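Residues per chain are reported as follows:
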Amino acid sequence: MGNESWSYRRALRDGRVGALLAGDAVSNVGDGAVIIALPLLTLRIHGAVPAPLAISAVEASPYVLATALAFAMGLTRLRIPPRALIILDCLLRGGVLVTLGLLAMADAITLPVLIGALLVGSVFRMAGMSARRLALTAMVPPEGRLAANGLLGTSTSLALYTVGPLVGGILTAVRNPGIALLGAGASLVVLLAAAVFVIPSSDGSVEGETIPASGLRILRQVPVTARLLVVVFGFNLFYMPVEVVLPLLVRGPLHGDGVSLGLIWTGFGVGALIGAVLTTALRRFAEQKVLVSIIAGWAAVVLLLIIAPSVPYAVGVFFLGGVIYAPFTPVVYTVVQAVLKPEEQQPVITLWGAGSALAAPVGLALAGPLVQGVGTLGGLVVSAVLTIALAPLAAVGLRPRVEAPA
């Protein structure tokens, strides 16, 4: 407990860390509101397009160009300083979300406009998320990385999955979904201020001469990072039917509304907050066992959601899912960073994040037709079965662990 506990307390007392975490938390509240607003807005404007296909297209669009940029940074010598990436993401995505919110509130938005704007406006988002992590972990010593990653996880759990969805559900139910998009765009101002005034331009950056020729080459040289990438890609891929099914499940068998959907995600967020707080206690267990347990536990959560008779039951199930899932990202990134040299982290973390996140647009593109073909409950069955099948593969693929380089 010693070093990790000290690092956690010290990080919280560091003004720069606190400012970046505050900006991250406020922007995550906005993103959490968008989780609720986008599918409900899509259901209003999808027209002749089948609802599952429309939802999957809208939710996949922010990932396409963002993934392309992240792969370009990981596979080539293209480097954008983390501070600059955060600023670019805040300016572009914030402006697009505000514009979409105003159009939605005026009932002047169409499905192609929504998809196209999200496609372009999110181009820096994925690289920007990696940049936040790189900037934050650069502010703490190596032994404090799990604590720093845990702080980001706590921020995400509280803001993105607890407060944000509840706010989004209320705003969508009381007003137009556009007001949630408008608020999400405005929420990026705090993160923008932190990036401009708090983060040094060098934090998380590397010098030109030390940039490896290819992040892919480093993945080959450090096999545990490649194996983790395969496992996480599969985990994210098999989760995506849940993203498409949930709003349809709430509006259909559960007879709920926007507030109901927000409450379900808030239940996940409360559980994830508890799981994130407990993350550092898991360091005494082997990372392989922790990750495999999370994968198997999430599959069980999806199976429980299949038999949901009511919204309160679904809230409870997603609460359990949050507790199980929350440690996943901090543990994964801590393992990856522990086996990389400082100059290897930006290309590999960005490439690794892009590869794992690629599962989102691919999974959503497949989930729409899947749910359209087999129905909401059938989509959940497929998601659960594939996730369960991934658990033994993960147990084999993560053994043995490669130790950190000297």
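(A) The arrangement of unusual backbone geometry in detail. The residue aspartate 107 is not glycine, and still its phi comes out positive at about 55°. Tracing the chain through its elements places aspartate 107 in the loop between α4 (82-105) and α5 (111-121). You can call aspartate 107 exposed: its relative accessible area is 63%. Although it is not a glycine, histidine 255 adopts a positive phi angle of roughly 55°. Inspection of the secondary structure puts histidine 255 in the loop between α10 (223-251) and α11 (258-277).

(B) Fine view of the nonpolar core. Trp265, Leu305, Phe318 and Trp352 are the most contacted members of the largest nonpolar core, which totals 74 residues. It is α10 that contributes the most residues to this core, 17 residues altogether. Residues Leu20, Ile86, Val123 and Met139 belong to the second largest nonpolar core, which totals 25 residues.

(C) Highlighting the confidence of the model for the chain. Residues at a pLDDT of 70 or more form 85% of the chain, whose mean pLDDT is 80. When mean pLDDT is compared element by element in the chain, α5 scores highest at 95, while helix α1 (residues 2-13) scores lowest at 48.

(D) Representation of the packing of α11 against helix α13 (residues 311-325) in the model. For the pair α11 and α13, interaxial distance at closest approach is 6 Å and the crossing angle is 30°. Taken together, the axis directions place α11 and α13 in an arrangement best described as roughly parallel. The handedness of the crossing between α11 and α13 is right-handed. Two secondary-structure elements touch here, α11 through Ser260, Leu263, Ile264, Trp265, Gly267, Phe268, Val270, Gly271, Ala272, Ile274 and Gly275 and α13 through Val311, Ala314, Val315, Phe318, Phe319, Gly321, Gly322, Val323 and Tyr325.

(E) Structural detail: α10. In this model, α10 (29 residues) spans 44 Å end to end at C-alpha, consistent with the 42 Å of a helix rising 1.5 Å per residue. At valine 245, α10 shows its largest bend, some 35°, and a proline, proline 247, comes one to four positions later. α10 sits mainly inside the fold: 23 of its 29 residues count as buried.

(F) Structural context of α11. For α11, spanning 20 residues, the distance from its first C-alpha to its last is 28 Å, which sits close to the expected 28 Å at 1.5 Å a residue. The buried fraction of α11 is high, at 14 of 20 residues.

(G) Structural view of the environment of valine 167. Its place among the elements puts valine 167 in helix α7 (residues 145-174). The exposure class assigned to valine 167 is partly exposed, which follows from its relative accessible area of 31%. Along the sequence, valine 167 and valine 29 sit 138 residues apart, while their C-alpha atoms lie 8.1 Å from each other.

(H) Highlighting a nonpolar patch on the surface. On the surface, a nonpolar cluster with roughly 650 Å² of combined accessible area is contributed by Val270, Ile274, Val277, Leu278, Leu304, Ile307, Phe319 and Leu320. Contributions of two or more residues to the nonpolar patch are made by α11 and α13. Take the nonpolar patch: its biggest share by element is three residues, from α11. Summarising the element assignment, isoleucine 307 is placed in the loop between α12 (287-306) and α13.

Here is what the cut-offs are and how they apply
- Residues numbered from 1 in each chain as written.
- Predicted model: local features only at pLDDT ≥ 70, side-chain atom pairs only at ≥ 80, totals over all residues.
- Heavy atoms only, no water.
- Helix = DSSP H or I, 4+ residues; strand = E, 2+ residues; numbered from the N terminus.
- Buried < 20%, exposed > 50% of the residue type's maximum accessible area, 1.4 Å probe, protein only.
- Core = buried A, V, L, I, M, F, W, Y, C linked by side-chain atoms within 4.5 Å.
- pLDDT = per-residue confidence, 0-100.
- Axes fitted to C-alpha atoms, helices over the stretch in contact; angles between N-to-C directions.
- Parallel < 35°, antiparallel > 145°, perpendicular 65-115°, else oblique.
- Left-handed = near helix turned anticlockwise from the far one by under 90°.
- Contact = heavy atoms within 4.5 Å.
- Expected span 1.5 Å × (residues − 1).
- Bend = angle between axes of the 7 residues up to and from the residue.
- Patch = residues over 30% accessible without salt bridge, like charges linked within 9 Å, V, L, I, M, F, W, Y side chains within 5 Å.
- Areas by Shrake-Rupley, 256 points an atom, 1.4 Å probe, with all protein chains shown as cover.
- Salt bridge = Lys/Arg side-chain N within 4 Å of Asp/Glu carboxyl O.

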